[in-house]
Amino acid sequence: MAHLQRKESPVLRIGIAGLGIAGSSIIPAFLKHPNVQLSAAATRSKERREKFASDYQAETFHSIEELCQSSSVDAIYIATPTELHTEHVLLAAENKKHIIVEKPMAITLEDADKMIEAAEKNGVVMIVGHSHSFEPPIRKIREIVRSGELGEVRMIHNWYFNDWIYRPRTPEELDTQLGGGVTFRQGSHQFDIIRLIGGGLIRSVRAMTGVWDLTRPTEGSHTVFLEFESGAAATAVYNGYDHFHSTELTYGISEGGPVVSTDVYAKSRRTIDQVGRIEESQIKSLAGYGGSRAKQYDHAENHHPFFGLTVVSCEKGDIRQSPNGLYVYGEDKRYEIALPAAATGRDAVIAELYDAVYTDRPPVHDGRWAKANLEVCLAVLESSKQRKEIYLNYQTAVTD
């Protein structure tokens, strides 16, 4: 896997499997990395294939299998629906392609094991793109916690209120059995952030989830209490029902980085009330690559993104995000740490893959780390159903 003998930095040629919102969002990070080449994509949409080929002079394919067989691709970014992740990771691994797979990595722990085994058997790197924990403020919080300058970490909280459940959705995104709902889709980010800051080893989970609108028949909220092996406590609160938005507490800055507009109260709920399911899927499709609702990701991030409100308490102080970095509340003073805004979490995802492939640096967000995040998601759903505390088996510690 390593190429340390080369005098010049090798180029990693990447293909994208799926050109929806996730597939589109990663493109600027690929283009920014000096040793990454965006070389191919696979999508069932003829229009997207033609536009992609024209924009990047790259190969395009109708099927993921064809993409994985291409000799012009070294790694695959898998941005297909969650229920297809296992199938597509196995295809990529069997064709000796390195892998970034979107979160959550799978729907079951058994499928996660198959993915990990396939990557290891075929000698390829697999990381899972929980991009929000890669953001500079989260990584800086982790650095401060690990330094011990504020003493031991005691509490970690991530609370996020938004309109997730009422944004245009495809049917599988509203089906928990297919990996839909906020616990699988967004909790996977929350638990990843919390585990990264806290060291990784969570002992137990107690939770309640909410399905408050039967026209959107999946989890739209959860309240989760996590206990680390160290004795530290954490909460993850998510409410996607489009009433209060936590951007009111985060300087108006959203998870994408821009300052958001709240010109119409409950805009997402009002929009969904006016459209049918077929039209809703069509609206969602327009947010994918080349669509009229597609975001301009390379121009969108004006501030460090806020994935809700994150507050970390240590024995000798607290930490939270500021618009420019972090506020640290020490024993004697409050001060701000400004962080460069040039790098994004997605940039760090690509760098982690590249370094793992060409320098043998073990990735933090590997298959076992992602499986542990998935275990938390599943424990949340089970704890809510059974109203009991769930003890975990597969947690992994931060190793770098």
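Further up the page is the structure itself.
Residues numbered from 1 in each chain as written. Predicted model: local features only at pLDDT ≥ 70, side-chain atom pairs only at ≥ 80, totals over all residues. Heavy atoms only, no water.

*Asks:* Please give an account of helix α8 (residues 182–198) that cites residues and values.
*Replies:* Along α8, the helix axis deviates most sharply at S188, where the bend reaches about 35°. Counting buried residues along α8, 17 of its 17 residues qualify, which places the element largely inside the surrounding structure. The first or second residue beyond α8 is G199, which carries a positive phi of 105°. (Bend = angle between axes of the 7 residues up to and from the residue. Helix = DSSP H or I, 4+ residues; strand = E, 2+ residues; numbered from the N terminus. Buried < 20%, exposed > 50% of the residue type's maximum accessible area, 1.4 Å probe, protein only.)

*Asks:* Now, about the environment of R270: what can you tell me, with residues and values included?
*Replies:* Structurally, R270 can be placed in helix α9 (residues 267–273). Sequence separation of R270 and L178 is 92 residues, and the distance between their C-alpha atoms is 26 Å. With near-sequence residues (within four places) excluded, R270 lies in contact with V264 and Y265. (Contact = heavy atoms within 4.5 Å.)

*Asks:* Account for the nonpolar core, with residues named and values stated.
*Replies:* Membership of the largest hydrophobic core comes to 81 residues, with the highest contact counts inside it found for I99, M105, V205, L226, V312 and I319. The biggest single contributor to this core is helix α13 (residues 367–386), with 8 residues. Beyond its immediate stretch of four places on either side in the chain, V312 contacts I141, V145, V153, M155, I156, I197, G317, D318 and I319. Membership of the second largest hydrophobic core comes to 29 residues, among which are I14, I127, A348 and Y354. (Core = buried A, V, L, I, M, F, W, Y, C linked by side-chain atoms within 4.5 Å.)

*Asks:* Summarise the packing of helix α5 (residues 85–94) against helix α6 (residues 109–121); cite the residues concerned and give the values.
*Replies:* When two helices pack together, their arrangement is given by the angle between their axes and by how far apart the axes lie. Between α5 and α6, the shortest axis-to-axis distance is 9 Å and the interhelical angle comes to 10°. Classed by the angle they form, the pair α5 and α6 counts as roughly parallel. From α5, H85, T86, V89, L90 and A93 reach across to α6, where they touch D111, K114, M115, A118 and A119. Residue classes in the contact of α5 with α6 are distributed as 6 nonpolar, 2 polar and 2 charged. (Axes fitted to C-alpha atoms, helices over the stretch in contact; angles between N-to-C directions. Parallel < 35°, antiparallel > 145°, perpendicular 65-115°, else oblique. Nonpolar A, V, L, I, M, F, W, Y, C, P; charged D, E, K, R; others polar.)

*Asks:* Quick one: what's the story with α13, residue by residue and with numbers?
*Replies:* Here α13 spans 28 Å end to end across 20 residues, near enough to the 28 Å set by a 1.5 Å rise per residue. Counting buried positions along α13 gives 15 out of 20 residues, so the element sits mostly inside the fold. Capping of α13 at its N-terminal end is provided by D366; its side-chain oxygen lies 3.3 Å from the backbone amide nitrogen of R368. Phi turns positive, to about 55°, at R387, one or two residues after α13. (Expected span 1.5 Å × (residues − 1). Polar contact = N/O pair within 3.5 Å; in protein donor to acceptor, adjacent residues only side chain to side chain.)

*Asks:* Pulling in residues and values, what's your account of the pattern of salt bridges?
*Replies:* Applying the stated criterion across every chain, the model contains 16 salt bridges. The shortest N-O distance in the salt bridge between K385 and E382 comes to 3.5 Å. Here E382 and K385 lie together in helix α13, a separation of 3 residues that amounts to about one turn. Exposure remark for E382: the relative accessible area of 27% places this residue in the partly exposed category. Among the charged side chains, a salt-bridge network with shared partners connects R169, E173, R185 and K284. (Salt bridge = Lys/Arg side-chain N within 4 Å of Asp/Glu carboxyl O.)

*Asks:* Just give me the short version of the side chain of E102, but keep the residues and values in it.
*Replies:* As for its position among the elements, E102 is in the loop between β5 (98–101) and α6. Of the side chains with opposite charge, K103 comes closest to the buried, unpaired E102, at an N-O distance of 4.8 Å. What E102 contacts, discounting residues up to four positions off in sequence, is A22, Y77, I78, A79, H85, V128 and G129. (Lys, Arg positive; Asp, Glu negative; His and termini not counted.)

*Asks:* Could you give me a rundown of the environment of Y238, with the residues and numbers involved?
*Replies:* Within the secondary structure layout, Y238 lies in strand β10 (residues 233–239). Take Y238: its relative accessible area is 1%, and that puts it in the buried class. Expressed as a C-alpha distance, the spacing of Y238 and S221, which sit 17 residues apart in the sequence, is 5.1 Å. Setting aside its immediate chain neighbours within four residues, Y238 contacts Y160, N162, W164, V182, Q186, Q190, G220, S221, H222 and F307. At 2.7 Å, the side chain of Y238 forms a polar contact with the side chain of N162. Of note is the side chain of Y238, whose polar atom sits 3.1 Å from the side chain of Q186.

*Asks:* If you had to explain the sheet that holds strand β12 (residues 317–322) to someone new, which residues and values would you point to?
*Replies:* Across a sheet, paired strands are connected by hydrogen bonds in the backbone, their directions being either parallel or antiparallel. The strand order across the open sheet formed by 9 strands is β14-β13-β12-β11-β7-β10-β9-β8-β15, and the pairing between neighbours is mixed. Edge positions in the sheet fall to β14 (334–338) and β15 (390–391), since each of these pairs with one other strand and no more. With 2 bridges connecting them, strand β8 (residues 202–210) and β15 associate as antiparallel partners. Across the sheet, S204 pairs through a bridge with Y391, a residue of β15. Docked against the sheet, helix α7 (residues 136–147) engages β7 (153–161), β11 (309–314), β12, β13 (325–329) and β14, running at close to 30° with respect to β13. Across the face of the sheet, α8 comes into contact with β7, β8, β9 (221–228), β10 and β11 while running at roughly 25° to β9. (Pairing = 2+ DSSP bridges.)

*Asks:* Break down the pairing of β8 for me, with residues and values.
*Replies:* Sheet topology places β8 next to β9; 8 bridges connect them, and they run antiparallel. Within β9, the residue paired with A207 across the bridge is V224.

*Asks:* Describe the sheet that holds strand β6 (residues 126–128), naming the residues involved and giving the relevant values.
*Replies:* Reading across the sheet, the 6 strands line up as β3-β2-β1-β4-β5-β6 and stay open at both edges, with parallel pairing between neighbours. Each edge of the open sheet is held by one strand with a lone partner, namely β3 (59–61) and β6. Sheet twist, expressed as the mean angle between neighbouring strand axes with direction ignored, is 20°. Where strand β1 (residues 12–17) and strand β2 (residues 36–42) come together, 6 bridges link them in parallel fashion. Paired with L12 across the strands is V36, a residue of β2. With respect to the sheet, helix α3 (residues 46–56) is in contact with β1, β2 and β3, its orientation differing from that of β3 by roughly 165°. Packed on one face of the sheet, helix α12 (residues 345–358) meets β1, β2, β4 (75–78), β5 and β6 and runs near 155° to β5.

Honestly, it's all geometry; don't read function into it.
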